[in-house]
Each structure stands twice: as C-alpha cells, then as structure tokens.
Amino acid sequence: MLTRNMKITFGALMLVILAMFMLPDFMPAVHASEAAATEATSAAAPASAAASDAAAEPVANAITFPPAPKLTEADYPTIPGVNARVMVWLVAQLHLWFGAFVVAVPMFVFIIEVIGMVTRDERYDNMAYEFIKVSITAYSLTAILGGLLSFGLILFYPDLFKYLSMIFKESMFAYALLFFAESAVLYIYYYGWHWLQGGNKKWIHLTFGLLLNAVGLQLMFLANAWTTFMMSPAAVDAAGVFNGNTWEAIHNFLWNPINIHRVVANVAYGGSVVGAYAAFKFLSAQKKEERAHYDWVGYNANFIAISALLPLPFAGYYLTAEMYAYSQQMGITLMGGVFAWIFIIQAVLIGALFLSANYYLWCGMGRSEGAYRYNPRIKYIAAVLVLAFLVWFTPHTLVLTNSELKDLGGPYHQILGVFGIMPAKNTAVNFLLTFTFLSFVFYRRANKVATVSWAAAGNAAQIALFTVGLINIVILGVYYGYFTNTVYKVAASIPQVLTTLTIIITSLVIDSFMYKGAKDVAPLHWGRMPNRSQYALFLLAVSFTWLMGLMGYVRSGIRQHWHVSNIFRDGSPDAFTPGLGYAASVVSVGTIMFMAMVIFVFWLSTISGKHVVAKGYWKEQQA
Amino acid sequence: MKNFFKTAFFSLLVIGGFWGFSNFGIPQIKPAPPPVEEKLDLGAMTMDQFIALGGKIFNGKGTCTLCHNAMGRAPMLDKVGANSEERMKDVRYKGEAKTVQEYLHESLVKPSAYVVAGFGKSGTNDTESPMPDVSGGGIGLNEAELAAVIAYLQDSSGSEVTVEIPQMDAAPAEGAAAPAEEVALKTPEEVITKHTCGMCHKILDQEGALGPDLTKIGAKRNKEYLRQAILDPEAVIAKGFSGGMMPPTYGEQMKAKELEMLVNYLAGLK
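As the structure is a computational prediction, the values presented were derived from the model and not from experiment.

**Describing the overall build of chain A**
Then, number 1: Along the backbone of chain A there are 23 helices and four strands.
Then, number 2: Relative to its full complement of 623 residues, chain A shows a buried share of 44%.
Then, number 3: Sequence-distant contacts in chain A: of pairs separated by 6 or more residues, those separated by 24 or more amount to 82%.

Structure below.
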C-alpha cells in the first residue's frame, strides 16, 4: 500500500515538473524562416523567383503574417452610452484582482497545509481549508470576469484582439486547456480535502496542491506574456509583422520581471485579502472561541502579507530598472514624465500598507502579558516609520508658478529637495523594511523569555547587526547618493538591499536558535484584540487593492497612444493618456466594486455555515 | 449584517481618502494628446520657418527634450555644432560623417556612432547609446523632419545652417536627361564588392566583424530568410549583434536579378 501511494505521489510530482517545462512544446515554433516572406519583402522579390523557391523548398510555403493594422476611429465599434475603454479597463482590473487572489491563495494554503502536516497541528489544516474555501467563490468570479474581458476586447477592440490572437493563438489555446486543468485540480483539492486526510493520502493531497500551484502560475505567466508583449514586443519587425516564434513573443523583455513582481505581489495581496476575511469574521464572531480562532487566522494572514511585502519593493525596483533597460524613453516617461506624480500617491499607499501592518502587530502585542516590556520602544519604531514615509513622500520637482519659483529660489526646495531623489527614497524604504521587521521581532519575542546561556550575547549581536546595518544603509545612501558620480546613485541601491536582507536573515537565524525552547511568560490570549485592530487589516486590503489598480494604470499607460508599443498605434477616440485624477476615479470605482464583491464573498462564507431547522415545514417521514 | 455595513463604510472612507488625495492633493498634469501627422508644405517654407519646424519637432514629436535637458540624462545640445567637429576626429568615433550636417544626421539615426563619455548604456563602456533611432519605432521622423531638426540644432547651437529644405514631392525638371540605366552586375562577387558587404561581414576574402560571419550562412539560413535579411535588415537581428547597423536601402539599390543572385550565392555557402 505504501509503495503504491509513493508511486502515485512520485507520478504526480513528475507530472507537475513536466507541466512546468512543457509550455514551450505547446507552441509549435513558427520559425523566422517561415515568416520571412512578409508582404513587404514579397513585393520586392520577383514573383517568379519566389515561385521557384517555393517549388525547391517546402519551407517557403509557410505562413505569412500581415503587419499591425493602421486603425482609424471608424475601426472601433461603439455602443451608445458605453465608454469602451472604461468598461474594458474596469473588467480587466477586476479580473486581475480576483485572478491575483486565486493564484496567490493556493500558494500559501499549500505552505500552511505542509506546516500543519509537519507539526501535526490541525488548526493549520483547518485554516488552510478555510482559505481555499473563500478562494473557490472568488475563482468563479475570476472566470466570469475573464469571460467578460474577452467579450469586451472582441466587441470593442476587434482588430487588436485579432492581431494578438494571430501571434498568441497557440498560447491562447494552451491557456484554455490549462484553465480546464486548473478547475479540475482545484475542485479535487478542495472537495477532496477531508477525504485525502492522514498518512499517504495527505501526501497525495499535497501533490494536488503543488499541481494546482504549477497550473495556476502557468496560467498567470501566459496572461503576463500577452500583456508584456504589448509593452515590449518581441518577434515582430518595425511594422508589426510577426517574424519569430510564439516562444520568442512570450519570452519578451519584460515578461520575467513582471512574472517575478506579480508572484510576490500576489502573495502579499492574497494575504491581505484573507486578512480582511479574518477581520470580518472576527468582528462578526459571537463566541469567544470563534473570536480567538479568527484572531489567530488574521495574525497568520497579516504575517503572510508582511512576509511578501518586504521583498516587494525590490521586485518593483527590478521591474522598473528593466523597463529603463528596455527603453530609456519608457523609463523616463514612467519616472520622470507625466506619471512621475503617481509615485507620490504610491508612497502614500505603501505608507498606509506598512503603517497598518505595523499597527496590527503592535495591537497584537496586547495578547501577551510579556509584551509590556517592549511597549515603550514602539513609539520610536512608529517615529522612524513616519519619517521614512515622509522622505519617500517628498517630491523631487514641484509644479510651480513663476512667482512660486522665484520665492523658492529654483525648482527644488533648498532643504526638502535633497529628499526628492532616489538615494533618499531608497534609504527610506530600507529603513521602512528594517523597522517593520523589528516590529515583528518584538512581537515574536513578546511572550517569550530566552533560556539559552548565550541570550545576552545573542541580543548584543542583534543590536550590533541592526546598528551597523542601518549605518551602512545611510552611508550608502548619503555618500554614494550625493557625493559621487551619478552612476553610483542607482548602483548603491543594490548593496543597500543586500544590507537589509542580511539584517533580516541573520537576525532570524540568531532568533530562531536563541528562542528554541524559550519559556512562555504567560498563556497567549488569542482574541484579546481591540476591534480597531481589525480595521487595520481592512485598511491593508483596501490600500493594496487600490495600489494594484493604480499601478495597473501606470503599467498600461506608459504605452501611451500605442496598443503595442511603437508598432501598433491606438486609433480609437480614447487613445489619449488619462490624467491622474481621472485614473484615480476609475480605480476608486473599481476598488468599490471589488470590495463589494469580496465582502459579499465573505458574507456568503458566513451564511454557508448556518443551518436553520425549519420546524413543521417538512413532512414527517415514516421510519 | 451590521458588520457588513461597518466594513463597507470603512472601505468607502479609505477609498474616498485615496481618491481625494489623488484629485486634490497633487498637481493635475494633463498628458499631451497623441501626436498628429502633419502635412508639411515644404515648398512654401522659408528657412526660418523650417528651423522653427525643427524646434517644434525637437520639443514635441521627436521627444528629444525627454532626455536632452538640464536633468543630465543625455548631453545638452547647445554647443552641438562646435562639438561635432571634435567628435568626428575622436578615436572613439565609429561613423562615416564628414560634415557637421552628416554627423548630426548620423547621431539621429545611428546614435551609437559616437557616444559622449558618461552617457552610454550601462555596462557598454560608452560604446552603445541608449538613444533610439529616431527615424524608426515610436518616434518615426521622416527625412524632411530629420532635416528640420538638424537645421534647428545647427541654428540653436550657433553654427552655420547648411541644411537645404528638401523638395520631397518635386518632380524632375522638364527636359532633364534621364540618368543612364545601369547594367546589372554579372556575378555575386561583384555585388558583394560593390555593396561593401565585407566591411561588416566575413565573406569572400574580407574579415568584417560588425555583422554575422557569412562564410557558411547557407547551412543555417534558407533563401527566404536571407532575402529578408538583405531587404529588411531590422526584421530579425542575429543573436549577439545589435540592430541599426546595416543600411535598410539595399532593396532600392540592387536590381532584382542581383538580389536573387546574391541570395542564391549565400544560400550555397555551406
């Protein structure tokens, strides 16, 4: 029996690995040679020569692709009273929010399930099940919105859809197949949860979890390829003639940077949404045990969100650097052009994210009697977080009238101007991350007393680590940012990041050894949380949703008046780039719609557990 | 249900805060509308108008000021006329220009011919420029627009304006003798020599290294590919080489017979 189960597990694992690598094989390569006889070249080449070549070489009979169409307003169908762009924008964004959630949840559900299996603590298993239960309803909504998005594109942007399908037809077909696979695996994973329990069955269940993640990620990567192709087209010539193969088009310049960024962001986002779920259930809980359970769930969700939030700025920085590397024009439009002010809004949103996540942690210290030791230090962490946020929030250039310019003595403020450039902001972000981690360290230690003999030395080492690390971050930021060549300004950000990561990883390692077998100060009081702390979880989810919407606008907006950057021009009446206020309004409406749907999903999960006995309603059955 | 409304209200409040800040807390910058193709009536233009047109393109469609500004992203062009003379003499110069006008044209369509120290792509040691070819891609200036920009650059940097206003649609003068019809070349070697393919490629007895080695190209590429590579060199860039190097004008320069002869010859190199 054991051998048989092991074989099944091994087989399923192999299937996962195969699925990860089979993607390119799904797409038969349309070789450059096949596409060479484009319309442009065939016009120049003599027909007779082409014909004789065709006879001599079967490859010359291959498919020829048309260039990107040149569209006018008349080529875009309209429906009176419907703004095509806003409609497609909202549906795409809603699809992306739900999609990000349903791709992310199985990732941490899988990890939580593994933790439950390793520790044999059933609470983890129940929590993982609860999370996947929420994502099931969200999965249906994702599919419905995906369908709506396709309809929207076909209806309002038929030529764009046709052009993209011409290039990505194989991957679109693969996407449809993978979607079936995703549904099948998700349903087995969810409905088989209680069936596949214990012993080797648990391993089989976990394998399905892994498979679910593999398929989910492949779906996202494929959709990312279509999106990034529109930003950094590959395998096409200047006229948009497809002359490569599908894999080249998928593996375009910005594909992997977006993949990495979205995987990390999705986990943080998914964590924040399930955190809001836990908060909702906590606030609705009638019983003490229920409140304790959802407090614990909320803590774990917040932990997931913070864990992914810490590396997220680095993933974003990498993506932006790659945009610059792909096209300096695109990079400058993004950071120094019309979108530059968006990063001030982004600073506010990320500030809200970090402050709410930290606030929740500080409130969580109230669960423990031992936390009082750390309470006096919280105000210093709060002060650093706010200062770091303010530096990040400081704009570089200001939009000024002539008289304002004269009063200020130039385009930059004499004192605040120095905080406007990237070295200051990089330093601020690294401080934000390090002090958020410090909050977590305090929280983790709150109810424990280390019993190892070297506890004092360990503490001293950690203090030294934080001190030296922070000094290093400041030196890298100030010296290389202001007193050396411009080239080092950006380059110094890498050792800054590495310093932050070193602090976090080394401190975690020391802490894990130091608090092994540590003594509890008192029993933890799960559920002893003020209601306002739960609103911090809501703030996290709402801010994240709004932030994703805003950054989605920027990512799409930097193409400006192009459907596909520089090769396929947007000829619609909506080809203009909307201003920030307009975009903020669309994003706000989208966030309201999303939050309404999400709260509805939470509410559904509340009523699904209720069972009313309708006395006298049903006919009595004879035994 | 009470909690449903409370959380919904709180969410609305947060969203409203973000919306309000974005609309009223930061300056509202209206992005420029998409550029519109203008019909240029060059025949009726004076040189001053032509220079003004160049300035308009420089600040607008050409998107030059995105980088060539006081922020230090790209070199300032206020002395580009005088600098051009020095740069053509610099050992790092890889172009073929002989005059300031040619140099400026080259800088616009082959920006890597000379990269000002400190402004190259990172990691290229100032051998590759981050600037795109402004005659292609999203900017797409035509020859008349390029000439206008050059005139503007010469004028604004205090140099003599040597550009002539192009007469793009002008028909040949009546009575002018038609140019003598050139006789097609007879061998592929003659075609290769005439078009100096060996300057960049390893072919015949020449050892050019700027483009791919063509001595065994037929083993890897078929005729269709080779034909396209000659007619539209930017369509597919060989691995390890950068675009923008090979002239895209061979389609106009070669006769069909010469092109086919060259393609057949290259396809036979195995």
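**Considerations on the overall build of chain B**
Then, number 1: Along its length, chain B carries nine helices and two strands.
Then, number 2: In chain B, the order of α-helices and β-strands from amino to carboxyl end is α-α-α-α-α-α-β-β-α-α-α.
Then, number 3: When burial is assessed residue by residue, chain B has 31% of its 270 residues classed as buried.

**Observations concerning the confidence of the model for chain A**
Then, number 1: Scored by pLDDT, chain A comes out at a mean of 85, with 86% of its residues at no less than 70.
Then, number 2: Ignoring residues within four places in sequence, the model shows residues 23-61 of chain A, a span with pLDDT below 50, making 75 contacts including any to other chains.

**Digging into unusual backbone geometry**
Residues and elements named next belong to chain A.
Then, number 1: At R120, a residue that is not glycine, the phi angle is positive and equals roughly 55 degrees.
Then, number 2: Inspection of the secondary structure assignment puts R120 in the loop between helix 6 (84-119) and helix 7 (122-156).
Then, number 3: Judged by the 8 C-beta atoms lying within 10 Å of it, R120 is exposed.
Then, number 4: For N566, which is not a glycine, the phi torsion comes out positive at approximately 65 degrees.
Then, number 5: Inspection of the secondary structure assignment puts N566 in the loop between strand 3 (562-564) and strand 4 (568-569).

**Section: helix 5 (residues 143-156) of chain B**
Residue and element names in this part refer to chain B.
Then, number 1: With 14 residues, helix 5 extends 20 Å between its outermost C-alpha atoms, agreeing within 8% with the 20 Å of an ideal straight helix rising 1.5 Å per residue.
Then, number 2: What helix 5 keeps buried is the set E145, L146, A147, A148, V149, I150, A151, Y152, L153, Q154 and D155.
Then, number 3: Buried-residue contacts for helix 5 involve helix 2 (47-59), helix 3 (80-89) and helix 4 (100-109).
Then, number 4: Immediately beyond the C-terminal end of helix 5, within one or two residues, lies G158, with a positive phi of roughly 80 degrees.

**Regarding the nonpolar core**
Then, number 1: Ranked by internal contacts, the top residues of the largest apolar core, which has 168 residues, are F101 and L432 of chain A.
Then, number 2: For this core, the element with the most residues is helix 6 of chain A, which contributes 18 residues.
Then, number 3: With sequence-adjacent residues up to four places away left out, F101 of chain A is seen in contact with S135, A138, Y269, G270 and V273 of chain A.
Then, number 4: Core analysis: the second largest hydrophobic core is formed by 22 residues, I51, Y103, L104 and V134 of chain B among them.

**A closer look at the packing of helix 19 (residues 455-482) of chain A against helix 21 (residues 493-514) of chain A**
All names here are of chain A.
Then, number 1: Viewed as axis vectors pointing N to C, helix 19 and helix 21 meet at an angle of 175 degrees, and their least axial separation amounts to 9 Å. One finds that helix 19 runs roughly antiparallel with respect to helix 21. Residue-level inspection shows A455, G458, A461, Q462, L465, F466, G469, N472, I473, L476 and G477 of helix 19 in contact with helix 21, the latter providing P495, Q496, T499, T500, T502, I503, T506, S507, I510 and M514.
Then, number 2: For the contact of helix 19 with helix 21, a count of residues per class yields ten nonpolar, eleven polar and no charged.

**Considerations on the domain arrangement of chain B**
Then, number 1: Looking at chain B, the domain boundaries give domain 1 (44-156) and domain 2 (188-267).
Then, number 2: The C-alpha centroid of domain 2 of chain B is placed 28 Å from the C-alpha centroid of domain 1 of chain B.

**Some remarks on the packing of helix 7 (residues 223-231) of chain B against helix 9 (residues 256-267) of chain B**
Residue and element names in this part refer to chain B.
Then, number 1: Contact geometry of helix 7 with helix 9 gives a least axis separation of 9 Å together with a crossing angle of 130 degrees. As the angle between them shows, helix 7 and helix 9 are arranged oblique. In this structure, helix 7 meets helix 9 at a crossing whose hand is right-handed. For the pair helix 7 and helix 9, contact is made by K223, L226, R227 and I230 and by L259, L262, V263, L266 and A267, respectively.

**What about the confidence of the model for chain B?**
A low pLDDT score tells you not to read the predicted coordinates there in detail.
Residues and elements named next belong to chain B.
Then, number 1: Of all residues in chain B, 87% attain a pLDDT of 70 or more, and the chain-wide mean is 80.
Then, number 2: The element-level mean pLDDT for chain B is lowest in strand 2 (residues 206-207), coming to 70, with helix 4 highest at 91.
Then, number 3: Per-residue pLDDT stays below 50 along residues 169-181; that stretch engages in zero contacts with residues further than four places along the chain or on separate chains.
Then, number 4: Model confidence for the complex: the whole-complex pTM is 0.73, and ipTM, which rates the interface, is 0.81.

**Things to note about the environment of Q154 of chain B**
Residues and elements named next belong to chain B.
Then, number 1: Along the chain, Q154 turns up in helix 5.
Then, number 2: In this structure, the C-alpha to C-alpha distance between Q154 and Q101, residues 53 residues apart in sequence, is 8.1 Å.
Then, number 3: Setting aside its immediate chain neighbours within four residues, Q154 contacts G81, V100, S159, E160, V161, T162 and V163.

**Some points on the environment of L196 of chain A**
Residue and element names in this part refer to chain A.
Then, number 1: Here L196 lies in the loop between helix 8 (158-191) and helix 9 (199-231).
Then, number 2: Given 19 C-beta atoms within a 10 Å radius, L196 is considered partly exposed.
Then, number 3: Setting aside chain neighbours within four positions, we find L196 in contact with K201, K202, I204 and H205.

So, how was this worked out
- Residues numbered from 1 in each chain as written.
- Chains lettered and ligands numbered in written order.
- Predicted model: local features only at pLDDT ≥ 70, side-chain atom pairs only at ≥ 80, totals over all residues.
- Helix = DSSP H or I, 4+ residues; strand = E, 2+ residues; numbered from the N terminus.
- Buried ≥ 20, exposed ≤ 12 C-beta atoms within 10 Å, placed from the backbone.
- Contact = placed C-beta atoms within 7 Å.
- pLDDT = per-residue confidence, 0-100.
- Expected span 1.5 Å × (residues − 1).
- Core = buried A, V, L, I, M, F, W, Y, C linked by C-beta atoms within 7 Å.
- Axes fitted to C-alpha atoms, helices over the stretch in contact; angles between N-to-C directions.
- Parallel < 35°, antiparallel > 145°, perpendicular 65-115°, else oblique.
- Nonpolar A, V, L, I, M, F, W, Y, C, P; charged D, E, K, R; others polar.
- Domains from an automatic or database assignment.
- Left-handed = near helix turned anticlockwise from the far one by under 90°.

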